[in-house]
Amino acid sequence: MSTEIRDWFIGRLPDEWFTEPAEVTVDREEITIIGILPDLDAEDAEAAAEGRVKRFREDTRTQRIAIAKEAERKFGRKVAWGARCGTVTEMFTTLSVPVMTRLRQSERRVLDTLVDAGVARSRSDALAWCVRLTGEHADAWLAELREALRRVEEVRAQGPQGPTA
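Just so it is clear, the structure is predicted and the values come from calculations on it, not from any experiment.

## Description of the side chain of serine 2
Turning to step 1, where the next piece is worked out: Mapping serine 2 onto the fold places it in helix α1 (residues 2-12).
Turning to step 2, where the next piece is worked out: At 3.4 Å, the side chain of serine 2 forms a polar contact with the side chain of glutamate 153.
Turning to step 3, where the next piece is worked out: Once residues lying within four places of it in the same chain are set aside, the contact partners of serine 2 are Val26 and Glu153.

## A few points about the pairing of strand β4 (residues 88-91)
Successive side chains on a regular strand alternate, one facing one side of the sheet and the next facing the other.
Turning to step 1, where the next piece is worked out: By the bridge criterion, 4 bridges tie strand β3 (residues 78-85) to β4 in an arrangement that is antiparallel. For cysteine 85, the partnering residue across the bridge sits in β4 and is valine 88.
Turning to step 2, where the next piece is worked out: The hairpin turn running from β3 into β4, its antiparallel successor, is 2 residues long, and glycine 86 in that turn takes a positive phi close to 60°.

## Comments concerning the pairing of strand β2 (residues 30-36)
Turning to step 1, where the next piece is worked out: In terms of burial, β2 is a largely internal element, 7 of the 7 residues being buried.
Turning to step 2, where the next piece is worked out: Burial along β2 is two-sided: Glu30, Thr32, Ile34 and Ile36 and Ile31, Ile33 and Gly35, pointing in opposite directions, are all buried.
Turning to step 3, where the next piece is worked out: Sheet topology places strand β1 (residues 23-26) next to β2; 4 bridges connect them, and they run antiparallel. Bridge pairing in β2 links valine 24 to isoleucine 33.
Turning to step 4, where the next piece is worked out: The antiparallel hairpin formed by β1 and β2 contains 3 residues in its connecting segment.
Turning to step 5, where the next piece is worked out: Sheet topology places β2 next to β3; 7 bridges connect them, and they run parallel. Considered in β3, the bridge of isoleucine 31 is made with valine 79.
Turning to step 6, where the next piece is worked out: The β-α-β motif built from β2, the intervening helix α2 (residues 45-75) and the parallel element β3 has right-handed crossover chirality.

Calculation notes
Residues numbered from 1 in each chain as written. Predicted model: local features only at pLDDT ≥ 70, side-chain atom pairs only at ≥ 80, totals over all residues. Heavy atoms only, no water. Helix = DSSP H or I, 4+ residues; strand = E, 2+ residues; numbered from the N terminus. Polar contact = N/O pair within 3.5 Å; in protein donor to acceptor, adjacent residues only side chain to side chain. Contact = heavy atoms within 4.5 Å. Pairing = 2+ DSSP bridges. Buried < 20%, exposed > 50% of the residue type's maximum accessible area, 1.4 Å probe, protein only. Right-handed = clockwise from strand over helix to strand, strands pointing away.

Structure (structure tokens):
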């Protein structure tokens, strides 16, 4: 399914928007689209990039909303948009999804320590902080695991189809 979604967006997005095919990330609730905008030759490259991202956001808003609505109907997931220009990446929309979790007291104490120390405002923020930190330190391993899952999805798609209802 994620390959179908990626391919749909590659075909649906206007060619003139980005310098290369958009990065399409899919999970159970959300589709995230990050497009790469052309770099600028400017004295203050970061300021120029921020301006280009802002211009892209404003100039494409109506069309992005229409594409997102179409994708949400087709795939049953919300769509989040972002753009990257040089070293500047900005997300325009993101979805904050509640996640059901059962934590033992020792795990809750870790979260409470982060809250008490001012690292996070709430247990929810502390948990998100822990997930981000783990992701940063386990990037290579997580990338390998995602690739393995993608391969499993491909093999399943090639296998025999079960009875249809």
